[in-house]
Amino acid sequence: MWRATIKSLFARKLRLLLTALAIVLGVGFMAGTYVLTDTMGKAFDDLFSTANQNTDVVVRAVSAFQPTQGGPGGSGADERNPVPEQLRTVVEGVPGVASVDGDVTGYAQLVDPATGDVIGTTGAPTFGVSWNPASTPLTVREGQPPSGPGEVAIDAATAQKFHLKVGQRIQILLTGPPQEFQIAAIVGFGTADNLAGATLAVFDLRTAQAVFDRVGEYDTLQVIADPGVGAADLRDRIAAALPKGYEAITGAAAAAQDAEDLKQALGFFQTALLVFAFVALFVGAFIIFNTFTIIVAQRTRELGLLRALGATGRQVMRSVMAEALVVGIVASLVGLGAGLLIAIGLQAMLKAFGIDLPSTSTQLLPRTIVVSLVVGTLVTFVASVIPARRAARVSPMQALRDGASGGGESLRRRAVGGVVVTGLGVAALLYGLFGASSGSAASLVGLGALLTFVGVAVLSPLVAKPLAGALGAPLRALGISGRLGRQNAMRSPRRTAATAAALMIGIGLVSFVAVFAASLRSSFSAALDETLRADFILTTGSFTPFSPQVAQDLASDPDLAAVSAFRQGQIRIAGKTDFVAGIDPATIEQVATLGVTQGSVGSLVQGDILVYEEVANTNGWAVGERVAVEFARTGLQHLTVGGLYADNRFLGNYAVSLQTYEANFTEQLDEMVFVKAAEGVPIARVRADVEDAVAAYPNVQVNDQAEFKDQQAGFIDQLLALVSALLGLAILIALFGIVNTLGLSIFERTRELGLLRAVGMSRRQVRSMIRWESVIIAVLGAVLGVAIGVLFGWAMQQALASQGITKLTIPPVQLLVYVVLAGLAGVLAAVLPARRAARLNVLDAISYE
Amino acid sequence: MQLSKVYGRGDAEVRALDDVSVDFERGRFTAIMGPSGSGKSTLLHCMAGLDAPTGGKVFIGDVDLTALSEKQLTLLRREKVGFVFQAYNLVPTLTAAENITLPLDIAGTKPDRAWFDQVVDTIGLRPRLSHRPSELSGGQQQRVAGARALVSKPEIVYADEPTGNLDSRSGVELLTFLRDAVKEHGQTIVMVTHDPNAASFADRVVFLADGRVVDEMEGPTAERVLDHMKSLEG
């Protein structure tokens, strides 16, 4: 049996290659994701331990909770109270302390002197720090460390990219008004040119304290121990000396914590990429299943002969599964190798986007090897179980009968099974979206989507024939090639359906993303129309906040009726971390419609909190009630509910006044500023006023409502393009599936093709016939995919309706484009099989001997 | 119709055809006979433009097949040649009627309705025209194949062991149909067979052995052919 298995494997090298390719790509992507994120994680570990290696103990204020994102400025600064100067003296007095450095961190964005544009618009952090001679993680590459006001050091990556030199003058945007500095030094993070894409401005301590509004204060203290004093020991001694609200941790623990925070973000990235790898493997499983099914059907005679010669059903089954196992192991191994290349490619891509990683060796952890091999092999193996069982059922009699590729199980059983699986899938999906607690929701939705795809794939052979017939109907007008192509697509509905199903998954997900993005866009547009009354919206165009100075500068302009700033930070309330908006109670109602149902916006002035009506109802809060709100910096506060509002699309679930916001958050940057023109002032003049005022802030863009909508739509489109590109892998694999199926079908129809050629069909006609068959299969998959995608999109929109996705928009042109592209891809997939079919030697094809 | 051909494979290889020279007259039913390996099928394939001879020339009418490109050969097969094969003659996805008009569909021309009806009536399968090959018996399938070979009014029809897979009664039906096509419509048919009974339906039998024409016989009967075959083998 073994020899037969091996021989059969090698007899079909090309088929083996195509089948394996599906697994290679999926495993490669998975391994690549692991290698890349492991390498990045290791790099950050190294980086932070180097950064903190000079520091024995870190002293800082206690943070009430860890926000899920860094400071709102994206500066990476923790939301903590500052450490006062006196505390430094206290710490210095602790026995065993050799020296204490204080550092401050804050928002500082560089402006390219050559163009006047801001540097760092990719959303990566742009921050400034103080230079601590003793404990700095930075290494000076060129120049001298900054000393005194007016001097700055910048990171090497930025310097290189924008050709900045020591001695050059540079404008820097700060929380206050922008200031000009002279570049004193170029610095690196050890061997890396920057920290994961962040741009850096380094000031001496006094300057940093001045520009970050920390005069007489520090963010943290770095303590260096006397020789012979252990870090943990010193930590305990310092902790004993600290007043309430402050903590001491060892430098190593701080490094681990810093690295952990970054690695958590890395974890999201990893999970996101793994989802795409998983989708690719899932599609790969369909290809394997389909290929093995066809092979078993084609080898019916051979298998029957083996049975007639005395092989048991189990032996036949095992031989097929062994074949799958070998394919799986080999493909997984190759995939693992491909993964290393993919990781290097991804890293190069990140670098091209300006995210430079500290150099470290590529991390191929045992976990990566094991998971890749096990998953790749298992997927292949499981996909072959059903075909193998089918092989086991081949009777010895079938060796003697001609051509028979057996009927298989009844359509009724298939229909029942398909409906049950689809039903389970849809149920899991809907429960995940609407019912489940947030913890299990994501996995339920994933499982639901998976089961739905499988269920529809099981059902699709039932509709494949009529659907392929209907889709191919126009082809009948194109003569014999189109007609035969259509008939061929219809002749084996199970095979057509299984091939199309692989494509269906990719197209389904892409369509879902398209529907969701379109709904997001139209919902956002509707939200603006219904809630926003401002004439102009000021943002940075990269989701980064900007200096509140802008709003202050505009406030005195007599041409403006209202200038209203909007900030956003995280709080813990009712057991959940959520966003709170900081708004100006005096002007907000001139620029936005909030739909306040009870209480008033004016109550915010007394430090009250506004709550979204639905949230208040869920928690049983009424106006006037005091609720517990936890701020990371200031800890537990009790705020009075000052009012309820019915529309959360503008504010989110909670809002406080800017004053309350300032009292409880460290970083004070505006996310947006809304401007309303005064009565009777020409809008063009207002625009000119505003543009003049922001001229010093090249990061701030002035948009009217229509432009703002376009800007947001642009972000959504970017995201859509990125996700679609990643799903392209799954679609590519599905196309290999079509190539494979067509190739096998052509092999099966050698005689028929020979006959057609003998009676005068030209090569061109044969090629066109195969092409049409491929196009029908591809379009069939695309149509099913689009249908599922729209369904998923609808479900998602419904689930998120209360989060502001109030409109369902199905983009017909885009979906149609997907179907047309799938058809074109079908043409592409048919190139090789068609050429092979056309090249068949007529004589070989019709000889019987 | 003039046809002469010389064929030899390489230098020392098997000479499947060894300087064969033979004519098939227009409007006659000729059978080619010979033991296995005598080169019958090779001859047929060369004459039909399916295979290229290593030497010599093949004519259908005035057209020299050996001078034609692959494309021209395809056109020639489509317009001037009809085929009936031993097995696997029909396209399984097409109905009987569609199979019959297949060569015309490939050429993109409309069938001559009257001629189509006449052919269909001759094979007696009018009620089964909308059936797929899998719903027809072997004999019926082969008659559909015969009708397909005739429907484009080719200059010559080649039949390669057309009765090989049929029971004797179905075989007789098919052969009668072929002979009638020659008698009534002046069709030219060349048939390869090893069955003396089949050969007896032809007007003339050409005997092949070891790649050479060894003999021929006019107005054959089954007995005479059989005797002759025995003498060839003995």
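Small disclaimer: the values here were computed from a predicted structure and weren't measured. (Residues numbered from 1 in each chain as written. Chains lettered and ligands numbered in written order. Predicted model: local features only at pLDDT ≥ 70, side-chain atom pairs only at ≥ 80, totals over all residues.)

1. Observations concerning the overall build of chain A
So, point 1. A count of helices and strands for chain A gives 25 helices and 23 strands.
So, point 2. Overall, the C-alpha framework of chain A stretches about 100 × 70 × 55 Å when taken along its three principal axes.
So, point 3. The burial tally for chain A puts 51% of its 849 residues in the buried class.
So, point 4. In chain A, 84% of the contacts between residues at least 6 apart in sequence involve partners at least 24 apart. (Helix = DSSP H or I, 4+ residues; strand = E, 2+ residues; numbered from the N terminus. Buried ≥ 20, exposed ≤ 12 C-beta atoms within 10 Å, placed from the backbone. Contact = placed C-beta atoms within 7 Å.)

2. Observations concerning the overall build of chain B
So, point 1. Looking only at helices and strands, chain B has nine helices and eight strands in total.
So, point 2. A compact globule built from 234 residues would reach a C-alpha radius of gyration of about 17 Å, and chain B, at 17 Å, matches this within 12%.
So, point 3. C-alpha atoms of chain B, sized along the principal axes, occupy 50 × 40 × 30 Å.
So, point 4. Here chain B holds 234 residues, and the buried ones make up 47% of them.
So, point 5. Counted over contacts in chain B with a minimum sequence separation of 6, partners at least 24 positions apart contribute 69%. (Rg over C-alpha atoms; globule rule 2.2 N^0.38 Å.)

3. Here we look at the interface of chain A and chain B
So, point 1. Each partner contributes residues to the interface: chain A has 20 residues there, and chain B has 23 residues.
So, point 2. When residues of the side of chain A that touches chain B are traced back to their parent elements, those giving at least two are α14 (480–491), α22 (750–758) and α25 (842–846) of chain A.
So, point 3. The residue makeup of the side of chain A that touches chain B, split by class, is eleven nonpolar, six polar and three charged. (Nonpolar A, V, L, I, M, F, W, Y, C, P; charged D, E, K, R; others polar.)

4. Observations regarding the sheet that holds strand β7 (residues 204–209) of chain B
All names here are of chain B.
So, point 1. One open sheet holds the six strands; their spatial order is β4-β5-β6-β1-β7-β8, and the pairing between them is mixed. Where the open sheet ends on each side, the last strands, each with one partner, are β4 (81–84) and β8 (212–218). Averaged over all pairs of adjacent strands, the angle between strand axes in this sheet comes to 20 degrees, irrespective of strand direction.
So, point 2. Where β4 and strand β5 (residues 156–160) come together, four bridges link them in parallel fashion. In the strand pairing of β5, Gly 82 is matched with Val 157. (Pairing = 2+ DSSP bridges. Axes fitted to C-alpha atoms, helices over the stretch in contact; angles between N-to-C directions.)

5. Section: helix α15 (residues 493–531) of chain A
So, point 1. Considering bend angle alone, the principal kink of α15(A) is centred on Leu503(A) and spans about 30 degrees.
So, point 2. Burial of α15(A) is extensive: 31 of the 39 residues sit out of reach of the surface. (Bend = angle between axes of the 7 residues up to and from the residue.)

6. What about the confidence of the model for chain B?
All names here are of chain B.
So, point 1. Averaged over chain B, the pLDDT score is 82; the fraction of residues at 70 or greater is 92%.
So, point 2. Least confident of the elements in chain B is helix α9 (residues 222–233), whose mean pLDDT is 81; most confident is strand β6 (residues 189–192), at 92.
So, point 3. Of the regions scoring below 50 in pLDDT, residues 1–12 engages in 45 contacts with residues more than four places distant in sequence or in other chains. (pLDDT = per-residue confidence, 0-100.)

7. Focus on the nonpolar core
All names here are of chain A.
So, point 1. Val 152, Val 283 and Leu 780 are the most contacted members of the largest nonpolar core, which totals 329 residues.
So, point 2. Considering every element that reaches this core, the biggest residue donor is α15, with 21 residues.
So, point 3. When residues no more than four places from it in sequence are discounted, the contact partners of Val 152 are Pro 146, Ile 170, Ile 172, Phe 181, Ile 183, Ala 184, Ala 201, Val 202 and Phe 203. (Core = buried A, V, L, I, M, F, W, Y, C linked by C-beta atoms within 7 Å.)

8. A look at the sheet that holds strand β13 (residues 246–250) of chain A
All names here are of chain A.
So, point 1. Ordered by their spatial adjacency, four strands build an open sheet running β3-β12-β1-β13, and the pairing between neighbours is antiparallel. Lying at the two open borders of the sheet, with one neighbouring strand each, are β3 (97–103) and β13. Neighbour-to-neighbour, the strand axes of this sheet turn through a mean angle of 25 degrees, independent of strand direction.
So, point 2. With five bridges connecting them, strand β1 (residues 57–61) and β13 associate as antiparallel partners. Looking across to β13, one finds that Val 57 is bridged to Thr 250.
So, point 3. Of the strands in this sheet, β1, β3, β12 (220–225) and β13 touch helix α3 (residues 85–92), which is tilted by about 160 degrees from β3.

9. Considerations on the environment of Ala428(A)
Residue and element names in this part refer to chain A.
So, point 1. When you line up the elements, Ala 428 lands in helix α12 (residues 411–435).
So, point 2. Taking C-alpha positions, Ala 428 is 5.8 Å from Leu 444, a pair spaced 16 residues apart along the chain.
So, point 3. If sequence neighbours within four positions are ignored, Ala 428 has contacts with Leu 444, Leu 447, Gly 448 and Leu 451.

10. Concerning the packing of α15(A) against helix α23 (residues 763–799) of chain A
All names here are of chain A.
So, point 1. Remark: α15 packs on α23, axes separated minimally by 5 Å, with the N-to-C direction vectors making an angle of 40 degrees. In terms of axis orientation, α15 runs oblique to α23. In this structure, α15 meets α23 at a crossing whose hand is right-handed.
So, point 2. Looking at the contact of α15 with α23, its residues break down into 20 nonpolar, eleven polar and no charged. (Parallel < 35°, antiparallel > 145°, perpendicular 65-115°, else oblique. Left-handed = near helix turned anticlockwise from the far one by under 90°.)

11. Some details on helix α6 (residues 138–151) of chain B
Residues and elements named next belong to chain B.
So, point 1. Here α6 spans 20 Å end to end across 14 residues, near enough to the 20 Å set by a 1.5 Å rise per residue.
So, point 2. Among the 14 residues that make up α6, twelve are buried, leaving the element largely enclosed by the rest of the structure.
So, point 3. Within the span of α6, buried status applies to Gln 140, Gln 141, Gln 142, Arg 143, Val 144, Ala 145, Gly 146, Ala 147, Arg 148, Ala 149, Leu 150 and Val 151.
So, point 4. Buried residues belonging to α6 abut β4, α3 (96–100), α4 (102–107), α5 (113–123), β5 and α7 (168–185).
So, point 5. Positive backbone phi, at 45 degrees, marks Lys 153, one or two positions downstream of α6. (Expected span 1.5 Å × (residues − 1).)

12. Some points on the pairing of strand β8 (residues 169–174) of chain A
Residue and element names in this part refer to chain A.
So, point 1. Relative to β8, strand β4 (residues 105–111) runs antiparallel, the two sharing four bridges. Counted as the bridge partner of Val 111 is Gln 171 from β8.
So, point 2. As defined by bridge partners, β8 adjoins strand β9 (residues 179–189) across four bridges and the pair is classed as antiparallel. Within β9, the residue paired with Arg 169 across the bridge is Gln 182.
So, point 3. Counting the residues in the hairpin turn of β8 and β9 gives four residues.

13. A short note on the pairing of β8(B)
Residue and element names in this part refer to chain B.
So, point 1. Note that β7 and β8 share six bridges and pair antiparallel. Note that in β8 the partner of Arg 204 across the bridge is Glu 218.
So, point 2. Remark: two residues form the turn of the hairpin made by β7 and β8, two consecutive strands paired antiparallel; Asp 210 in that turn has positive phi of roughly 50 degrees.

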